[in-house]
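Chain by chain, the residues:
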Amino acid sequence: MFSRGTKRKYHARKSGKSNKIAIFLLSFIACIILFLFYVNDRLLPVYLDYAEIQTYKIASHVVSRAISAKTVMNVHEVIENVPTNSNEMVTTKFNTEIINKERAEIVSLVKLHLQEAEQGDLSHLPELENVQYDVGSMEAGDGIVFFVPLGQALNLPILGNLGPKIPIRFHIIGNVSSNIISDITEFGINNAKVEVGIQINVNVQIIVPFASKTATVEQYIPVAIGLVQSPVPHIWSGGGDGAQPSIEVPVPLPGDPN
């Protein structure tokens, strides 16, 4: 039989051990939570950078697929000659009506394909290595959602496809914007290479666990490319700034009876 004093000491020791175990468990759990927050804070920029790269790949593929059916026009289809007061001079300008029509069609196609991709249409999405799409979340209207292995995101070959899969989601913010870009380059003698294209800008929001980031996916789409040729002059100085010929050479002009 234990005396009352012995029982009291036994219960005190037992209570003390229980308190130490409880404190140890709480401290251990707190350390794990703090460690996870520390690791997440250090790895978050890596997650975001990787998510942004994959987002660029997917969005660029969707945009490219949207305009793959359209053919590049001949540059002479988007430019027109405007007569001037002089019978020998002709002014060339872009046909803005045709270019704006192409621009509207391209933007409409891009919007349609992006919306269908966000709704879970996998036919518009690329098949990327180590990327798995979450069709259920996409059909629920959560944007384009895909998973990547932790080892792949951290670029750790030793882990490969091991580790938990990180969900990455992005969706379109606002409307798809576009700009018309033209480039005229001198080509040969009195000729020019003319290119007209559309710059598509898609604003997206990239979301990873505990963070988000906005980015702009840009894609250039050529509309018309070709050469604009003009008559070759009888005297050509090469376009330089040097001295011009001081002797005038009598060269017969077309249609001159002499």
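Residues numbered from 1 in each chain as written. Predicted model: local features only at pLDDT ≥ 70, side-chain atom pairs only at ≥ 80, totals over all residues. Heavy atoms only, no water.

- Looking at an unreviewed UniProt entry, the chain carries the name Sporulation protein, with the source organism given as Ureibacillus manganicus DSM 26584.

**What about the overall build of the chain?**
- The helix and strand tally for the chain stands at 4 helices and 9 strands.
- Taken from the N to the C terminus, the helices and strands of the chain come in the order α-β-β-β-α-β-α-β-α-β-β-β-β.
- Of all 258 residues assigned to the chain, the portion counted as buried reaches 29%.
- For the chain, restricting intrachain contacts to residue pairs at least 6 apart in sequence, the fraction spanning at least 24 positions comes to 58%.
- As displayed, the chain offers around 17,500 Å² of accessible surface, 57% of which is attributable to carbon and sulfur atoms. (Helix = DSSP H or I, 4+ residues; strand = E, 2+ residues; numbered from the N terminus. Buried < 20%, exposed > 50% of the residue type's maximum accessible area, 1.4 Å probe, protein only. Contact = heavy atoms within 4.5 Å. Areas by Shrake-Rupley, 256 points an atom, 1.4 Å probe, with all protein chains shown as cover.)

**Focus on the side chain of N95**
- Secondary-structure assignment places N95 in the loop between β3 (90-94) and α2 (96-118).
- We classify N95 as buried; its relative accessible area is 17%.
- At 3.2 Å, the side chain of N95 forms a polar contact with the backbone nitrogen of E97.
- If near-sequence neighbours (up to four positions away) are discounted, N95 is found in contact with V78, I79 and E80. (Polar contact = N/O pair within 3.5 Å; in protein donor to acceptor, adjacent residues only side chain to side chain.)

**Description of the environment of I189**
- Looking at the secondary structure, you find I189 in the loop between β7 (177-186) and β8 (191-208).
- Along the backbone, I189 and Q229 are 40 residues apart, and their C-alpha atoms lie at a distance of 8.8 Å.

**Observations regarding the pattern of salt bridges**
- In this structure the tally under the stated criterion is 1 salt bridge.
- The partner of E52 in a salt bridge is K213, and the shortest N-O contact between them spans 2.6 Å. One end of the pair, E52, is in helix α1 (residues 4-66); the other, K213, is in strand β9 (residues 211-229), with 161 residues separating them in the sequence.
- Accessibility expressed as a relative area gives 29% for K213, which makes it partly exposed. (Salt bridge = Lys/Arg side-chain N within 4 Å of Asp/Glu carboxyl O.)

**Section: a nonpolar patch on the surface**
- Together, I21, F24, L25, F28, I29, I32, I33 and F37 give the surface a local cluster of nonpolar side chains, amounting to about 820 Å² of exposed area.
- By the secondary structure assignment, I29 is in helix α1. (Patch = residues over 30% accessible without salt bridge, like charges linked within 9 Å, V, L, I, M, F, W, Y side chains within 5 Å.)

**Points about the pairing of β8**
- A large share of β8 lies buried, amounting to 14 of its 18 residues.
- Here strand β6 (residues 165-172) pairs with β8 via 4 bridges, running antiparallel. Within β8, the residue paired with I172 across the bridge is V204.
- Bridging between β7 and β8 involves 10 bridges; their strand directions are antiparallel. Paired with I180 across the strands is I198, a residue of β8.
- Note: β8 against β9, 18 bridges, orientation antiparallel. Note on β9: the bridge partner recorded for N191 is Q229.
- Hairpin remark: β8 followed by β9, antiparallel, with 2 residues in the connecting loop; positive phi at F210, about 70°. (Pairing = 2+ DSSP bridges.)

**Notes on α2**
- Taking 1.5 Å per residue as the helical rise, α2 with its 23 residues ought to reach 33 Å, and the 33 Å between its terminal C-alpha atoms agrees with that figure.
- Taken together, the buried positions of α2 are I99, E102, I106, V107, V110, H113, L114, A117 and E118.
- One side-chain oxygen at the N-terminal end of α2 lies 3.2 Å from the backbone nitrogen of E97; it belongs to N95.
- Count one or two residues on from α2 and you reach G120, which has phi positive near 100°. (Expected span 1.5 Å × (residues − 1).)

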